[in-house]
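Below, each chain spelled out in residue letters.
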Amino acid sequence: MGALRLIGRFSRFLLSPWDERILSILLGSRLTLIANICAAALVPVITQEGAYIVHACTGYDRPQDVLMYSLPVIVMLLVRRQALSFCFLIIYVAICIQMYFQAESITLGVHTCGDRLGDPIEYMPFFSYFSMVCLAGYIVYLAVVALVAVVKSIVFVAKDER
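These lines cover the structure that appears in this document, whether it is placed above or below. (Residues numbered from 1 in each chain as written. Predicted model: local features only at pLDDT ≥ 70, side-chain atom pairs only at ≥ 80, totals over all residues. Heavy atoms only, no water.)

1. Regarding helix 3 (residues 30-58)
- Between its first and last C-alpha, helix 3 extends 41 Å over 29 residues, near the 42 Å set by a 1.5 Å rise per residue.
- The axis of helix 3 is deflected most strongly, by about 25 degrees, at Val43, and proline Pro44 appears within four residues downstream.
- The set of residues buried in helix 3 consists of Thr32, Ala35, Asn36, Ala39, Leu42, Val43, Ile46, Thr47, Glu49, Gly50, Ile53 and Val54.
- Buried residues in helix 3 make contact with helix 4 (65-79) and helix 5 (82-108).
- Just downstream of helix 3 lies Gly59, where phi reads positive at about 90 degrees. (Helix = DSSP H or I, 4+ residues; strand = E, 2+ residues; numbered from the N terminus. Expected span 1.5 Å × (residues − 1). Bend = angle between axes of the 7 residues up to and from the residue. Buried < 20%, exposed > 50% of the residue type's maximum accessible area, 1.4 Å probe, protein only. Contact = heavy atoms within 4.5 Å.)

2. A closer look at the packing of aromatic side chains
- Tallied over the entire structure, the rule returns 5 aromatic pairs.
- With a centroid separation of 5.2 Å and an interplanar angle of 80 degrees, the aromatic rings of Tyr92 and Phe127 are classed as edge-to-face. With Tyr92 in helix 5 and Phe127 in helix 6 (residues 123-161), this residue pair connects regions lying 35 residues apart in the sequence.
- When its relative accessible area of 0% is taken as the criterion, Tyr92 is described as buried.
- The class of Phe127 is buried, set by a relative accessible area of 5%. (Phe/Tyr/Trp six-rings, centres within 6.5 Å; stacked < 30°, edge-to-face > 60°.)

3. Quick word on unusual backbone geometry
- Its identity as a non-glycine residue notwithstanding, Arg80 has a phi of 60 degrees, on the positive side.
- Along the chain, Arg80 turns up in the loop between helix 4 and helix 5.

4. With respect to a nonpolar patch on the surface
- Together, Val93, Ile97, Tyr100 and Phe101 give the surface a local cluster of nonpolar side chains, amounting to about 380 Å² of exposed area.
- As for its placement among the helices and strands, Tyr100 is situated in helix 5. (Patch = residues over 30% accessible without salt bridge, like charges linked within 9 Å, V, L, I, M, F, W, Y side chains within 5 Å. Areas by Shrake-Rupley, 256 points an atom, 1.4 Å probe, with all protein chains shown as cover. Salt bridge = Lys/Arg side-chain N within 4 Å of Asp/Glu carboxyl O.)

5. Here's the deal with the environment of Tyr129
- Mapped onto the secondary structure, Tyr129 falls in helix 6.
- Remark: the alpha-carbon pair of Tyr129 and Pro72, spanning 57 residues in sequence, is separated by 8.8 Å.

6. So, the nonpolar core
- In this structure, Tyr69, Tyr92 and Met99 are the most contacted members of the largest nonpolar core, which totals 27 residues.
- Taken together, the elements giving at least two residues each to this core come down to helix 3, helix 4, helix 5 and helix 6.
- When residues in this core are grouped by element, the largest group, 9 residues, is from helix 5.
- Sequence-distant contacts of Tyr69, that is, excluding residues within four places in its chain, are made with Val43, Ile46, Thr47, Gly50, Tyr92, Met99, Ile121 and Met124. (Core = buried A, V, L, I, M, F, W, Y, C linked by side-chain atoms within 4.5 Å.)

7. Observations regarding helix 4
- A rise of 1.5 Å per residue sets the reference length of helix 4, with its 15 residues, at 21 Å; its end C-alpha atoms lie 22 Å apart and thus fit the reference within 8%.
- Along its length, helix 4 shows its largest kink, about 35 degrees, at Leu71, and proline Pro72 lies within four residues downstream of that point.
- For helix 4, the full list of buried residues reads Asp65, Met68, Tyr69, Ser70, Leu71, Pro72, Val73, Val75, Met76 and Val79.
- Against helix 3, helix 5 and helix 6 lie the buried residues of helix 4.

Take a look at the structure:
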């Protein structure tokens, strides 16, 4: 009970200089933050499963794949939209489960690499590319919103001068 009280005091100390509005602007809603944290917690698991599968199939390691596994989480943290975060979290969980079963079947010797459903490592590049497309779309959305705000302010100033 004393540990929970200490954690509560520590969290109040950390959050004391921050207003609730400022935290929601920086981190998004609480549900979005929870989805982002859950997806970030899955990245090391997926990275380790992917490294095991690639090493078992090809015989060598590919450390450059870490960026491919973590890129969608980085996009989730940048975009901070609830629908995008939950969709990416569902995809992460599905890929993690599929990679777990493939790693387990490789360990047990049930089948060799790749099967009729395809290799789960094949899906990660598509997921990474899709996350980059979502990030580009979000940047275009922000540019359009900024452009509309500038046009509205110019129109407002022009009306005010008349």
